[in-house]
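If you want the building blocks of each chain, they are given just below.
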Amino acid sequence: MADRPTSSASTFRSLVLIAVVVVALVAAFAFTAGWLSPARLRPATIVNALAPPGGPALGHRRNHAKGICFTGSFESNGAAAALSKAPMLAAGSYPVTGRFNLGTPDPNAPDATVRVRGLGLRVVAPGGTEWRAAMINAPIFAVSTPEAFYDLLKAAGDKSDPDAMKNFAAAHPEFGAFAAWAGGGTWTGSYAQERYNSLNSFIFTNAAGQDQAVRWSLVPAAQPEVVTPDQLKARGDDFLDADITQRVHSAPQRWTLVVTVANPGDPTADPTKAWPEDRRKVEAGTLVVNAIEPEPDGPCRDLNFDPTVLPPGMHVSDDPFPAARSAAYAVSFNRRTAEDKDYPHHPAGGATP
Amino acid sequence: MTPIHDRFTPLQRALHWLMAICILAMLFIGVGMVSTVRPDYLSLVSIHKPLGIVILVLALIRLVVRLMRGAPPLPASMPEPMKLAARLSHLAFYLLMIGLPLIGWGMLSAADYPVVVFGINLPHILPHSNGLHTLLWNAHRVLALCFFALIVVHLAAALLHALVRRDGVFQAMAPWR
């Protein structure tokens, strides 16, 4: 095709038009990426705020950094299959990889100094379908929204203002129930004696397509032995790891998976609000922990217990936390896996599968 | 192998414009999803993964069609360096259209995440490895930004051909007759 001559004025107009198109496209991209919105709460912002004053422990999870791996099985009795068509809720035995952990960014924190204990879990069904969860021993969560969680981290880390936490608590009355548990609830001497709660609400869908809002808990078979924080301090910095290793070595440890079904109108979007005690509870099966492995070479080390990795028959509810947790866990995972050399695998140990 | 015609075939043009929409949406979804902790994060991720597989499949079809049907010759009036840039950019587009979805899939595999697309568990294409995950995650991010830059330059060049040079290059891929 032959060139057609164009006037220099129309060429100029065309070049301006091209420039406008290019600038508009790049600006829209930058806006979408949040590069023009420094106030946007990014996953990385939350992860940064979790770091202690000396910076994060490289190679470790950015929160719940201290932990120990376990393997075992989920022995499903099939009772929850009426609630969800998830394959691991059908009667059967499903392999599990998990991690007992402490809610601290410091992998060397003395066990007696950490209030929140957690359990990360991955249940695998035949065909590779997975259910991942991360639960803690608190009966309710500290705050109602990811934004408030970020404010809490800022207040807790604010050394310049002695009233920062007081002001935070005043601005977030929903924090009171969690603070009361943290300050006054009972402590136990073992990971095996803790009840671990989903806190977040999820939606279960059964084979007939019916939806139910649920929360779940792992209720320990071991009888809780109530101890005081002072007694725990006398047991050494890593007594929880030694305790669970010894217990599992003696006998498998068990928890019952209890699914609590919401009544219509129960708050699903706010994990600070407990549901009334009389709600229907379904015992779905038993988590059996058969083996404990130290984290550095354990099978849980390089897994992200992202609570939004859900099988068919489960999905997130209007609770805003699973999305925020997924986004932040991914940042933590991306960072720590890039820092392998700072948290060496032991040469004698087995590689992760 | 390369018949002489002055436009891409209707199938090639359809694939081009369909993929243009998919890929631009994909890049915006990608940078948007990693920027937020809101519930949109999950919605965007749940589009990003299947859309990536769709783009991979379309790109492979498009590559086959391109190898079979070729491309119209560039106008003789184009300077050689411009022709070279056009050919290299097309090569880069094919590498990115096929490579980025594979890198994303490989990155999820190396992290031992389940890769579920349209309800199907895709196999892991790489072993669980922190080193591989880090390499691929960085590559996915950097190459995606390069892809966007390439699209911006491609769009500017296309408009330059359409509005200033008027040499038929834009018409060769224009969606209309």
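Bear in mind the structure is a predicted one, so any value in this text is a computation, not a measurement.

Thresholds, definitions, all that
- Residues numbered from 1 in each chain as written.
- Chains lettered and ligands numbered in written order.
- Predicted model: local features only at pLDDT ≥ 70, side-chain atom pairs only at ≥ 80, totals over all residues.
- Heavy atoms only, no water.
- Helix = DSSP H or I, 4+ residues; strand = E, 2+ residues; numbered from the N terminus.
- Buried < 20%, exposed > 50% of the residue type's maximum accessible area, 1.4 Å probe, protein only.
- Lys, Arg positive; Asp, Glu negative; His and termini not counted.
- Salt bridge = Lys/Arg side-chain N within 4 Å of Asp/Glu carboxyl O.
- Polar contact = N/O pair within 3.5 Å; in protein donor to acceptor, adjacent residues only side chain to side chain.
- Core = buried A, V, L, I, M, F, W, Y, C linked by side-chain atoms within 4.5 Å.
- Contact = heavy atoms within 4.5 Å.
- Disulfide = S-S within 2.5 Å.
- pLDDT = per-residue confidence, 0-100.
- Phe/Tyr/Trp six-rings, centres within 6.5 Å; stacked < 30°, edge-to-face > 60°.
- Lys NZ or Arg CZ within 6 Å of the ring centre and 35° of its normal.
- Buried area = accessible area lost by both parts, 1.4 Å probe.
- Expected span 1.5 Å × (residues − 1).
- Axes fitted to C-alpha atoms, helices over the stretch in contact; angles between N-to-C directions.
- Parallel < 35°, antiparallel > 145°, perpendicular 65-115°, else oblique.
- Left-handed = near helix turned anticlockwise from the far one by under 90°.
- Nonpolar A, V, L, I, M, F, W, Y, C, P; charged D, E, K, R; others polar.
- Pairing = 2+ DSSP bridges.

S.K.: Would you mind showing me how to read the side chain of Arg-215 of chain A here?
M.R.: Residue and element names in this part refer to chain A. Note on placement: Arg-215 falls in strand β8 (residues 211-220). Summary of buried charges: Arg-215 has no salt-bridge partner, and the nearest side chain of opposite charge, Asp-319, is 5.5 Å away. A polar contact is formed between the side chain of Arg-215 and the backbone oxygen of Lys-273, at a distance of 2.8 Å.

S.K.: Any chance you could explain the nonpolar core here in plain terms?
M.R.: Nonpolar side chains tend toward joint burial in soluble globular proteins. Counting 71 residues, the largest nonpolar core has Val-143, Phe-149 and Phe-178 of chain A together with Ile-23, Leu-27, Met-97 and Phe-147 of chain B as the members making the most contacts within it. Among residues more than four places away in sequence, those in contact with Val-143 of chain A are Ala-148, Phe-149, Leu-152, Phe-168, Glu-174, Pro-271, Thr-272 and Phe-321 of chain A. One finds Met-88, Trp-187, Phe-202 and Val-248 of chain A within the second-largest nonpolar core, a separate group that totals 48 residues.

S.K.: Even after reading the chapter, I still don't get the state of the cysteines, so can you show me in this structure?
M.R.: Formally, a disulfide is one covalent bond, and it connects the sulfur atom of one cysteine to the sulfur atom of another. All names here are of chain A. Tallying each qualifying case throughout the model produces 1 disulfide over all chains. Here Cys-69 connects covalently by a disulfide to Cys-300, the sulfurs 2.0 Å from one another. Judged by the sign of its S-S torsion, about -75 degrees, the cystine formed by Cys-69 and Cys-300 is left-handed. Note that Cys-69 is positioned in strand β1 (residues 66-76) and Cys-300 in the loop between β11 (281-294) and β12 (314-316), a separation of 231 residues in sequence. No difference in accessibility class separates Cys-69 from Cys-300, as the two residues are buried.

S.K.: Hey, could you run me through the confidence of the model for chain B in this one?
M.R.: When pLDDT is low, close inspection of the predicted coordinates is not appropriate. Mean pLDDT over chain B stands at 95; residues scoring 70 or higher make up 97%. Of the two predicted TM-score estimates for the complex, the pTM is 0.94 and the ipTM is 0.94.

S.K.: Where do I start with the packing of aromatic side chains in this structure?
M.R.: Two aromatic rings are characterised by how far apart their centres lie and by the angle between their planes. Tallying each qualifying case throughout the model produces 20 aromatic pairs over all chains. Between the aromatic rings of Phe-29 of chain A and Phe-28 of chain B, the centroid separation amounts to 5.2 Å while the plane-to-plane angle is 90 degrees, which identifies the pairing as edge-to-face. One end of the pair, Phe-29 of chain A, is in helix α1 (residues 8-32); the other, Phe-28 of chain B, is in helix α1 (residues 10-33), on a second chain. By the burial criterion, Phe-29 of chain A is buried, and Phe-28 of chain B matches it. Taken together, a centroid distance of 6.1 Å and an interplanar angle of 35 degrees make the contact between Phe-175 of chain A and Phe-178 of chain A tilted. Taken together, the residues span about one helical turn, with Phe-175 of chain A and Phe-178 of chain A both in helix α5 (residues 175-184) at a distance of 3 residues. With respect to class, Phe-175 of chain A is no different from Phe-178 of chain A; both count as buried. Here a set of aromatic residues connected by ring pairs shows up, and it is made of Phe-70, Phe-100, Tyr-191, Tyr-196 and Trp-255 of chain A. In this arrangement the basic side chain of Arg-115 of chain A is found over the ring face of Trp-181 of chain A, its NZ or CZ atom lying 4.2 Å from the centre. In this structure, Arg-301 of chain A packs its charged tip against the face of Tyr-343 of chain A, placed 4.1 Å from the ring centre.

S.K.: In this structure, what is going on with the interface of chain B and chain A? I would like to understand it.
M.R.: Note: interface size is frequently given as the accessible area lost on complex formation between the parts. Contacts between the two partners involve 37 residues from chain B and, on the opposite side, 51 residues from chain A. Area buried by chain B at its contact with chain A is led by Val-37, Asn-130 and Arg-166 of chain B, which between them contribute 18% of it. The tally of links between chain B and chain A comes to 1 salt bridge. Where Asp-112 of chain B meets Arg-122 of chain A, a salt bridge forms, and the shortest distance between an N and an O atom there is 3.1 Å. Applying the counting criterion to the chain B and chain A interface returns 13 residue pairs in polar contact (both at pLDDT 80 or more). Counting residues per element, the ones that place at least two in the side of chain B that touches chain A are α1, α2 (40-69) and α4 (130-165) of chain B. Ranked by residue count, the leading element in the side of chain B that touches chain A is α4 of chain B, at 14 residues.

S.K.: Hey, could you run me through α1 of chain A in this one?
M.R.: Think of an α-helix as 3.6 residues a turn; residues three or four steps apart then line up on the same face. The end-to-end C-alpha distance of α1 of chain A, which contains 25 residues, comes to 36 Å, matching closely the 36 Å that a straight helix rising 1.5 Å per residue would cover. Within α1 of chain A, the full set of buried residues consists of Ser-10, Thr-11, Ser-14, Ile-18, Leu-25, Phe-29 and Ala-30 of chain A. Buried-residue contacts for α1 of chain A involve α1 and α4 of chain B. Within two residues after α1 of chain A, Gly-34 of chain A carries a phi angle of roughly 80 degrees, on the positive side.

S.K.: Sorry, what's going on with the packing of α1 of chain A against α1 of chain B here?
M.R.: Describing two packed helices takes the angle between their axes plus the distance from one axis to the other. Interhelical geometry of α1 of chain A versus α1 of chain B gives an angle of 35 degrees and a closest axis separation of 8 Å. Listed contacts from α1 of chain B to Leu-25, Ala-28, Phe-29 and Thr-32 of chain A of α1 of chain A are Leu-24, Leu-27, Phe-28, Val-31 and Gly-32 of chain B.

S.K.: Explain the packing of helix α2 (residues 43-50) of chain A against helix α3 (residues 146-156) of chain A to me, please; I cannot follow it from the model alone.
M.R.: Residues and elements named next belong to chain A. With their axes 9 Å apart at the nearest point, α2 and α3 run at an angle of 30 degrees to one another. Relative to α3, α2 is oriented roughly parallel. For the pair α2 and α3, the crossing hand works out as left-handed. Every residue of α3 that contacts α2 at Thr-45, Ile-46, Ala-49 and Leu-50 is listed here: Pro-146, Phe-149, Tyr-150 and Leu-153. Of the residues in the contact of α2 with α3, the class split is 7 nonpolar, 1 polar and no charged.

S.K.: Where do I start with the pairing of β8 of chain A in this structure?
M.R.: In summary, the side chains of a regular strand alternate between the two faces of the sheet. Residues and elements named next belong to chain A. Burial of β8 is extensive: 7 of the 10 residues sit out of reach of the surface. Here 2 bridges tie strand β6 (residues 196-197) to β8, and the two strands are oriented antiparallel to one another. Each residue of the ladder has a partner; that of Asn-197, found in β8, is Ser-217. Note that strand β7 (residues 202-205) and β8 share 4 bridges and pair antiparallel. The residue bridging Ile-203 from the neighbouring strand is Ala-213, located in β8. Between β7 and β8, which pair antiparallel in sequence order, lie 5 residues; one of them, Gly-209, sits at a positive phi of approximately 85 degrees. Judged from the 7 bridges that link them, β8 and strand β10 (residues 253-261) form a sheet pairing that is antiparallel. When the bridges of β10 are listed, Pro-220 appears paired with Trp-255.

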